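These are the residues of each chain, in order.
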Amino acid sequence: MNKASWGAEIKRMERYKIIKEVGDGTFGSVWRAINKQTGEIVAIKKMKRKYYSWEECINLREVKSLRKMNHPNIVKLKEVIREHDILYFVFEYMECNLYHLIKDRGKLFSEAEIRNWCFQVFQGLAYMHQQGYFHRDLKPENLLVSKDVIKVADFGLAREISSQPPYTEYVSTRWYRAPEVLLQSPMYNSAIDMWAMGAIMAELFTLRPLFPGSNEADEIYKICSIIGTPTETEWAEGIKLASAINYQFPQVTGVHLSVLIPSASKDAIDLITTLCSWDPCKRLTATKALQHSFFQGCLYVPPSLRLKTSVTRTPPSAGTRSMLEQKSVKGYSGTLSTSKPASKFSPAKSHEYLTTGDIPDEIKNHRFSKIAANQQPRYRPPARNSPTSICNGKTAFGVSETAEKLANMNLGSGRVPARQSFPAPMKAGGWHAGQPNMAASQEFHARRTFTRKVVG
């Protein structure tokens, strides 16, 4: 869509000057734009489908979740606009995403760079999970970067942790999909975000995806080839899930991650290994990950992200609170505010908008506004037979198309050799505790040859 047709469609969007298109996906296209009034650079996401009511817009998962969150490592939704049945999201602008950095990289990232990015992402995830949401689609494309700052983005598949399972079958890009999701578990939680982060962290060290499966069965095979086939002791629930869909795990020993990621320190390997545990109950939470020894040299974890302790904290004085509040307002022009918008909102008009955090009185009085402003509806997707928790030792039944594909692609037929061949370790150097400076990034000319499909 060219700039002329965009500008002709809308009036409120006339406040923005479109610069260029920066992305196009299944559900929408993203444009770089500038606010004519303030000079601020923003990213505008135009949804491809039509939206015929304002209630439909403000009840979208992406809108509901992002309006509730305000964190330096979560992308800021500044404004929602619906005009002529077209929906626009106005976001803060970020220079690129993590996938672009990995794809175009000619040498390995230093461990210091990886530590900095992961520390920020885990802080964003800890906050998100504490707010009652899990992302469900973490991947390098959804981690946006500007200079040394990284933020979690694209909440289109986000779910409330308290929502009613069973959840939908497809979540996340396959390479970052947790095994319980691959095995059709009707119940899962924020632990799937932690699995994805383990895979992303490994990819940052090697510039290659850790589990690049070509389909669901191959994805499980790739996982087994690296972390080994799960045993009854390691993941009893997983064995039951596989049995319920008539799937047999390939019998593979696996390999230590230090062989595949020779440039990673012992602490980094330990963190990745823990995050990529078969049993979701054994994976670290985001809050506990921040306390891992890998992040020992990182500065300051906000009290709200620390584990609860018995230590009594003295609240700041009134003067300190006032100063902090003033700084917060100056630093975040689009944060939650109690001030009312300058212009009145009218649901009957074709031009409707919402600035994040500012809820017009007309919305508050609308019969759907109680859901948007205060209480989120519980999610109830199509029911399956006997949904149970993945951590309680019970089995979930019901075979889907993916389950049938897994059953038809039996990888445990005995043809898997006892010893797997793996690519030679990359000569990327390493980092050892005690070195004054972490090893500089080594030259690495082997570019990624994997094909990935970007959705949304």
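We now turn to the structure provided with this report. Keep in mind it's a predicted model, so treat the numbers as computed, not measured. Here the residue index of a chain counts from 1 through its sequence in written order. Totals for whole chains, interfaces and linings use every residue, but because this is a predicted model, local features are given only for residues with pLDDT of at least 70 and side-chain atom pairs only at 80 or more, for both listing and counting. For side-chain calculations, the full set of non-hydrogen atoms in the structure is used, while hydrogens and water are omitted.

**Focus on unusual backbone geometry**
- Positive phi is not limited to glycine here, since Arg136 has a value of about 75 degrees.
- A run of H or I in DSSP counts as a helix once it spans at least four residues, and a run of E counts as a strand once it spans at least two, with each numbered from the N terminus. When you line up the elements, Arg136 lands in the loop between β7 (133-134) and β8 (143-146).
- Positive phi is not limited to glycine here, since Lys147 has a value of about 55 degrees.
- Along the chain, the position of Lys147 falls in the loop between β8 and β9 (149-152).

**Points about the environment of His100**
- Along the chain, His100 turns up in helix α4 (residues 98-103).
- C-alpha separation for the pair His100 and Pro140, spaced 40 residues apart in sequence, amounts to 8.3 Å.

**A closer look at helix α5 (residues 111-130)**
- With 20 residues, α5 extends 28 Å from end C-alpha to end C-alpha; this agrees with the ideal 28 Å at 1.5 Å per step.
- Only protein chains enter the area calculation, which uses a 1.4 Å probe; residues under 20% of their type maximum are buried, those over 50% are exposed, and those in between are partly exposed. Among the 20 residues of α5, 16 are classified as buried, and the element is accordingly described as predominantly covered.
- Just downstream of α5, Gly132 is the residue with a positive phi angle, here 95 degrees. The span you would expect from a helix comes to 1.5 Å times its residue count less one.

**Examining helix α3 (residues 61-68)**
- Among the eight residues of α3, six are classified as buried, and the element is accordingly described as predominantly covered.
- Looking at α3, one finds that the buried residues are Glu62, Val63, Lys64, Ser65, Leu66 and Arg67.

**Brief notes about the pattern of salt bridges**
- The term salt bridge refers to a side-chain nitrogen of Lys or Arg lying within 4 Å of a carboxyl oxygen of Asp or Glu. Per the stated rule, a full pass over the model turns up 14 salt bridges.
- Its salt-bridge partner being Lys147, residue Glu95 comes within 3.4 Å of it at the nearest N-O pair. Here Lys147 lies in the loop between β8 and β9 and Glu95 lies in the loop between β5 (86-92) and β6 (96-97), a separation of 52 residues in the sequence.
- Exposure remark for Glu95: the relative accessible area of 47% places this residue in the partly exposed category.
- We classify Lys147 as exposed; its relative accessible area is 67%.

**A few points about the packing of helix α7 (residues 191-206) against helix α11 (residues 266-275)**
- One way to put it is that α7 packs onto α11 with a least axis distance of 8 Å and a crossing angle of 145 degrees. In the packing of α7 onto α11, the handedness of the crossing is left-handed. Residues Met194, Trp195, Met197, Gly198, Met201, Ala202 and Phe205 of α7 form the contact with α11, whose participating residues are Ala268, Leu271, Ile272 and Leu275.
- Residues are grouped as follows: Ala, Val, Leu, Ile, Met, Phe, Trp, Tyr, Cys and Pro are nonpolar; Asp, Glu, Lys and Arg are charged; all remaining types, including Gly, are polar. Tallied by class, the residues present in the contact of α7 with α11 amount to 10 nonpolar, one polar and no charged. Throughout, an axis means a line fitted to C-alpha atoms (over the contacting stretch in the case of helices), and angles, computed between N-to-C directions, take values from 0 to 180 degrees. Here is the rule for handedness: rotate from the far helix to the near one, and if that takes an anticlockwise turn smaller than a right angle the crossing is left-handed, while a clockwise turn gives right-handed. Only heavy atoms matter for contacts: two residues are in contact if any of them lie within 4.5 Å across the pair.

**Overview of the pairing of strand β4 (residues 77-83)**
- With seven of its seven residues buried, β4 lies for the most part within the structure.
- A pair of strands counts as paired when DSSP detects no fewer than two bridges linking them. For β4 and β5, the ladder comprises six bridges, and the chain directions are antiparallel. Bridge pairing links Ile81 to Tyr88 in β5.

**Focus: the packing of aromatic side chains**
- Each Phe, Tyr or Trp ring, with Trp reduced to its six-membered ring, pairs with another whose centre is within 6.5 Å; inter-plane angles below 30 degrees give stacked pairs, above 60 give edge-to-face pairs, and intermediate values give tilted ones. A full pass over the atoms with the stated rule returns 10 aromatic pairs.
- Each ring, one from Phe122 and one from Phe295, has its centre 5.9 Å from the other, and the planes form 75 degrees; the classification is edge-to-face. In this pair, Phe122 is assigned in helix α5 and Phe295 in the loop between α12 (286-289) and α13 (318-331), connecting sequence segments 173 residues apart. Across the pair, Phe295 and Phe122 agree in class, each one buried.
- Summarising the aromatic geometry, the rings of Trp195 and Phe211 are spaced 5.5 Å apart at their centres and angled 20 degrees between planes, so their arrangement reads as stacked. Of this pair, Trp195 sits in helix α7 while Phe211 sits in the loop between α7 and α8 (216-227); the two residues are 16 residues apart in sequence, bridging distant segments of the chain. This pair shows no difference in class: Trp195 is buried, exactly as Phe211 is.
- Among the aromatic residues, those joined into a cluster by ring pairs are Phe119, Phe122, Phe294 and Phe295.
- Geometry around Tyr51 places Arg49 over its ring, the cationic atom sitting 4.1 Å from the centre. Definition used: whenever NZ (Lys) or CZ (Arg) falls within 6 Å of the ring centre and also within 35 degrees of the ring normal, the charge is taken to sit over that ring.

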